[in-house]
Amino acid sequence: MPAPLLAVDAPSLLYRAWFALPDSIRGAGGMPVNALLGATNAILRIVADHAPRAVVICNGAEAARYRVERYGGYHANRPPVPEGLAQQFARSGELFEGFGWTLAGTSELEADDLLHSFALSEVDAGGGALLMTGDRDMFQCATDTVTVLYLKTGVRGFEPMTPAAVEQRYGIPPALVPDFIALRGDPSDGLPGARGIGEKGAADLLRRHGSLEAALANPDGERPRVARALREQADELRDYLAIATLQRIDVALPADAPVDLAGGAAAAAALGMNRLARRLRDVSDPSQL
């Protein structure tokens, strides 16, 4: 297999890093740089461990319009982005570009959809992909050639989610993760799921029926509470499934691009991240960081 493409869910990674590191870490002009520092260190760790052929930094809409149209509560209760984090979102591109990483964005869909699209395109081209995220929706992307690197609490390493790992965690294959989310719900996205059907019940239904649609078509024989939810919420559950299913859009695969440590050091220094800049200047290879 050729070296994989690494696609990074930038909003997820920066958000997790903001809460994992103190905002007393400051750069030029007193701007907090804790999220930038944590995200950069995490990406460099994956680069050192997996030597990807290129890195794509993905950004997207906070909530895709079609998902909000399907269900008005989608992302509705998410708190506003802290000012210090918003500042770092705005400056992240100049730092990441310094390392020679490709920036990709979409205004219509979300970063998750971009990661999914890059993975599919890379596999179509004969390669494999690593998807770096803190979002469990991405588990649907796991295949023999695509591994989801799931960010643990804080910025404390990544759990590789292969098809076997997804099945061990949820009891279903990755392809059924959207169906599982629709039934179980997803508090982080504001999706309520089916009334009275939790994680174990959702997995059991999907194992027996093979899909959400098949379960909706055959509610007879289920426990009364489950059958009632399947009958009364059928249209809602189909909307939740459409929301949870990642979309594919056309993307241009980047050329092979080894990490540019000198460029990253210069970009870090420009942001006042002097300790990171010194670390980068002192090594010749990411594995030495």
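Numbering of residues begins from 1 in every chain and follows the order in which that chain's sequence is written. Only residues with pLDDT of at least 70 get local features here, since the model is predicted, and only at 80 or more are side-chain atom pairs given and counted; chain-wide, interface and lining totals rely on the full set of residues. Calculated side-chain values reflect all of the structure's heavy atoms, with hydrogen atoms and water omitted.

1. Some remarks on the overall build of the protein
Now for step 1: Numbering of helices and strands runs from the N terminus; a helix is a DSSP stretch of H or I covering at least four residues, while a strand is a stretch of E covering at least two. Broken down by element type, the protein carries 13 helices and 6 strands.
Now for step 2: To get the radius of gyration, use the C-alpha atoms; to get the globule rule, take the number of residues to the power 0.38 and multiply by 2.2 Å. Since a compact globule built from 289 residues should have a radius of gyration of about 19 Å, the 20 Å found for the protein is in line with a globular shape.
Now for step 3: If one aligns the C-alpha atoms of the protein with their principal axes, the spans along those axes are about 65 × 45 × 30 Å.
Now for step 4: The proportion of buried residues among the 289 residues of the protein is 52%.
Now for step 5: Taking the intrachain contacts of the protein between residues at least 6 apart in sequence as the baseline, contacts between residues at least 24 apart amount to 67%.
Now for step 6: Only the protein chains shown count as covering a residue, and every accessible area follows the Shrake-Rupley method with a 1.4 Å probe. When the accessible area of the protein is evaluated, it comes to approximately 13000 Å², of which 50% is carbon and sulfur surface. Type-normalised accessible area, obtained with a 1.4 Å probe on protein chains alone, sets the label of each residue: buried when under 20%, exposed when over 50%, and partly exposed for intermediate values. By definition, residues are in contact when any of their heavy atoms lie within 4.5 Å.

2. Focus on the pattern of salt bridges
Now for step 1: A pairing counts as a salt bridge when a side-chain nitrogen of Lys or Arg comes within 4 Å of a carboxyl oxygen of Asp or Glu. In the structure shown here, the tally under the stated rule is 18 salt bridges.
Now for step 2: Here Asp204 and Arg208 are joined by a salt bridge, their closest N and O atoms 3.0 Å apart. Of the two residues, Asp204 and Arg208 are both situated in helix H8 (residues 199-209); the distance of 4 residues between them amounts to about one turn of the helix.
Now for step 3: Classification of Asp204 by relative accessible area gives partly exposed; the value is 32%.
Now for step 4: A relative accessible area of 46% places Arg208 in the partly exposed class.
Now for step 5: Ionic pairing is found between Arg238 and Asp235, a salt bridge with its closest N-O pair at 3.5 Å.

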